[in-house]
Each structure stands twice: as C-alpha cells, then as structure tokens.
Amino acid sequence: MARAVELAAFGLGTTSPNPVVGCVILDAHGQVAGEGFHAYAGGPHAEVVALRDAGERARDGTAYVTLEPCDHTGSTGPCTEALLAAGLARVVYAVPDPNPLAAGGGERLRAHGVEVAHGLLGEEAERVNVAWLTSVRLGRPYVTWKFAATLDGRSAAADGTSKWITSPEARQDVHRLRATSDAIIAGIGTVLADDPLLTARPTQPVPDTGAVSDAGAVSDAGAVPEKGLDGAMREQLAEARRRARAPLRVVVDSGARTPPGARVLDRAAPTLVAVADSTRTGLQAELVRLPYRPDGLDLHALLKELRRRGVVSAFLEGGPTLAGSFVRQGLVDRVVAYVAPALLGSGRAALGQAGVSTIAGMHAFVFEEVSMIGPDLRITARPGTP
Ligand code: AOF
Ligand code: ZN
C-alpha cells in the first residue's frame, strides 16, 4: 500500500477533477505483478493500469488500492468489473470513496466472493489525496493559503516595499506549488500593487514526488519525477502532461478595478475576475458575478463556482485582506508559510483582519511539516488542535 500511495502521488497536478489513485497488484504468491496510477481525467483508472501490467498474473492475487474501487461507469467502466474479470482473490483499499456516484465498490466485490479489507495506511492515502477528498466532502475546492514573511510576520516594509523578502529558492518552490494547483487566487490589492502574472513557472519537474506525499507539498529539488516508473506508466505521465492546462487565475475584485493592461489578463493562462453582482464594468475579461456581503464578496459562492469549473485545489496568494476574509470564513485548509530570517519591526502584517478580537477566538492550527528552502523556512499547517 505504501507503494500504491507513492504511485498515486505521480498524478498530483494532472488528475483534476479526478482523484489521485495508486494501485499495486500481487500475484497468488505475493510477488509484485503490476503497478498503476491514475494520470489524467478521462484516462484509465489506477486499477485498470495495474491490471494491464499484471496480465494473467493477477488471477488469485491481491490488489492494493489507495481509494475504494469505483462501481460506476463514468468516462471509463467500473473498476469492480475489471477486478472481477481478472479473478482477484483479495482487494485491500485505503480510503472509502466519498463520491456517491462511484462508491459501493467494496460491497460489490464482497458480494462476488472477493475478500475485501480497507483502512490500511488510511492516513497516508488520505494525505496524498486530501485536495480531492476535501472537494468532494465539502463541495468546494481545497484551499491552500501561501504567504511569505519575515521572522516577525511582516510581508511588506513600512514604505510598502515587499519584493524579495524570501529567497529565489523559496519563490521557485512557490511556482511548483502553483503548478500542482488548479486555480491561483489573488485580491485586487495585490494586482494593483504588484501587477503579478500569477502563472506557474517551475524550473524543476512537477510533480516531484521525492519526499512529501502531500497534495502539492513537493520538495527535493532535482529529483527525477519518472524515477521508478515502468514504460507504460511513463507514457501515462507524458500524456497527462500533454493534456495539462495552466492553472486558472482568479482575481477577487468586487469593484472591477483590474486595469485593462494588467499582466494577469495576458494570454499566458485563463483568468476569471470575480466582481460584485451589482458592479457595472466594461472590463474585457471573463467575469463571474457574486453576491456582495458587508465584508466583501461571498467567498463560499466563489469557491462553489470554481468547483463547478473543475477546480479541486486552489492556491490563495496575494493580499492580507483577502487572506483574512478566507480565514475568517473558515475557508483555509492549509497554510504554507515561507519565513525569511529577517526582521522588519514595522510594515504590513502577513494576515489582515481575520475576525479575531480576543485570544479565545484565535484560529488554531497544527504544524504538519517544516523544512529549509534555501535560507528560508517553509512551514505547513492545517486547521485543528494538537
Ligand atoms: C479516478 N481514477 O483511479 C479511480 C477513481 O469519470 P471517471 O470514470 O474517470 O470516474 C471518476 C470517479 O471514479 C472518481 O470521482 C472516483 O470516485 C472514482 N475512482 N477515479 O479518476 C481512479 N479509482
Ligand atoms: Zn475506477
């Protein structure tokens, strides 16, 4: 199952709106007979790739799958049927499928005499697929808020200058995280102040599954992503990359103040500008109109719309005000902080108003991972209490 989780991670960044799934098949003697992962939506499921690899050796064998095998006909046929046809004796899956359309595979297999078990390495399999699982369970994309700050938590100096707080290595790491996201969100404040491109421009291969099997939590610069994949899976990965689309850029801009010449509107990637439903504008951009609340655009409505467009993972950057709104509304699933070894003592805080006025109202997080990226720290945390 550990290998299946590792295989699943090869799909990070290319499977949306589908999950990442890995599968390993052992023959009747317990020897590895086949391996597979799901590489792109519309492509074969992990189980089918592994069954093809195993051929006749799958008979009376065991399949280890990170997600409950599907029992539906979507863009491909049900994996339950494929597993039954191949004559598997046992199927072990890590996480039940929360998608009501596809669930029930475990029961179906059992009903046909296959020995079924689940829960093995559930936490690991959950972690690698957390974005998709969250998007299905909550009906909205998984949101990662990223910021860069000094040791004293400031993202800009008193005069507003903010460029290059963190190192080139940290910025490169951000590009890799962007590349494994389906959408990159920024507020109008950031667009006006920095005129960012909001595109993913990684120089290292993506996804890099070297160390951390987390949704987009990639590290170990320079690792060869295809390492350990046989020919068929390499082809799958190559096909997935050919089909990969640039992340959707989203500007939260209630008053439609995005300048027509803003770089975020260039042709490098699609862009969506979210405006208040009452805003009148001639802005030449794809607009989505959302209800306006006293404290800004309805972010739940924004996320719902993004999910409708197939966004499973969203990367929130740029703008302490917008980040504060997301945090206040409980819409941040993960924080990735790049912390530079420097002090400012004054200047803009990384996070704006987040609805907290007393310590009891603090938003509690638990640290998940910490590593050095060049001279900086990268810390990831998720909501919760230890
Ligand atoms: C995948 N890959 O390896 C497995 C999935 O539209 P389809 O046919 O691709 O089906 C997508 C659903 O199938 C998906 O939402 C999930 O519930 C289930 N399992 N999906 O994309 C896989 N095993
Ligand atoms: Zn399937």
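Described in the following lines is the structure provided in the data block. (Residues numbered from 1 in each chain as written. Chains lettered and ligands numbered in written order. Predicted model: local features only at pLDDT ≥ 70, side-chain atom pairs only at ≥ 80, totals over all residues. Heavy atoms only, no water.)

**Digging into the packing of aromatic side chains**
At step 1: In this structure the tally under the stated criterion is two aromatic pairs.
At step 2: Ring centres 5.7 Å apart and planes at 35° place the aromatic pair Phe10 and Phe37 in the tilted group. Separated by 27 residues along the polypeptide, Phe10 in the loop between helix H1 (2–9) and strand E1 (22–26) and Phe37 in strand E2 (residues 32–37) bring together distant segments of the chain.
At step 3: According to the relative accessible area criterion, Phe37 is buried, its value standing at 0%.
At step 4: Over the face of the ring belonging to Trp164 we find Lys163, whose NZ or CZ atom lies 5.7 Å from the ring centre. (Phe/Tyr/Trp six-rings, centres within 6.5 Å; stacked < 30°, edge-to-face > 60°. Helix = DSSP H or I, 4+ residues; strand = E, 2+ residues; numbered from the N terminus. Buried < 20%, exposed > 50% of the residue type's maximum accessible area, 1.4 Å probe, protein only. Lys NZ or Arg CZ within 6 Å of the ring centre and 35° of its normal.)

**As for the side chain of Glu68**
At step 1: Looking at where Glu68 falls in the secondary structure, it is placed in the loop between strand E3 (62–67) and helix H3 (79–86).
At step 2: Here Glu68 sits buried without a salt bridge, and the closest side chain of opposite charge, Arg110, lies 7.8 Å off (N-O distance).
At step 3: Every residue in contact with Glu68, bar those within four places of it in the chain, is listed here: Tyr93, Val95, Pro96, Asp97, Ala103, Gly104, Gly105 and Gly106. (Lys, Arg positive; Asp, Glu negative; His and termini not counted. Salt bridge = Lys/Arg side-chain N within 4 Å of Asp/Glu carboxyl O. Contact = heavy atoms within 4.5 Å.)

**A look at empty space enclosed by the protein**
At step 1: Taken as a whole, this structure holds two cavities of 30 Å³ or more when the rule is applied.
At step 2: There is about 30 Å³ of room inside the second largest cavity.
At step 3: Val20, Thr66, Leu67, Val95, Ala125 and Asn129 are the residues that line the second largest cavity.
At step 4: Partitioned by chemical class, the residues of the lining of the second largest cavity number four nonpolar, two polar and no charged. (1 Å grid on protein atoms, 1.4 Å probe; cavity = no way out; pocket = protein on both sides within 12 Å on 5 of 7 lines; lining within 4 Å. Points joined across faces, edges and corners; volume = space filled by probe spheres on them. Nonpolar A, V, L, I, M, F, W, Y, C, P; charged D, E, K, R; others polar.)

**Examining the coordination of the zinc ion (ligand 2)**
At step 1: Ligation of the zinc ion (ligand 2) by protein atoms is provided by His45 (ND1), Cys70 (SG) and Cys79 (SG), these donors lying 1.9 to 2.2 Å from the ion.
At step 2: Each donor residue of the zinc ion (ligand 2) belongs to the same chain, with the gaps between them written as H-x24-C-x8-C. Placement of the pair is His45 in the loop between E2 and helix H2 (46–54) and Cys79 in helix H3, with a sequence separation of 34 residues.
At step 3: Given the relative accessible area of 0%, Cys79 is considered buried. (Donors = N, O, S within 2.8 Å, 3.2 Å for Na, K, Ca; no water.)

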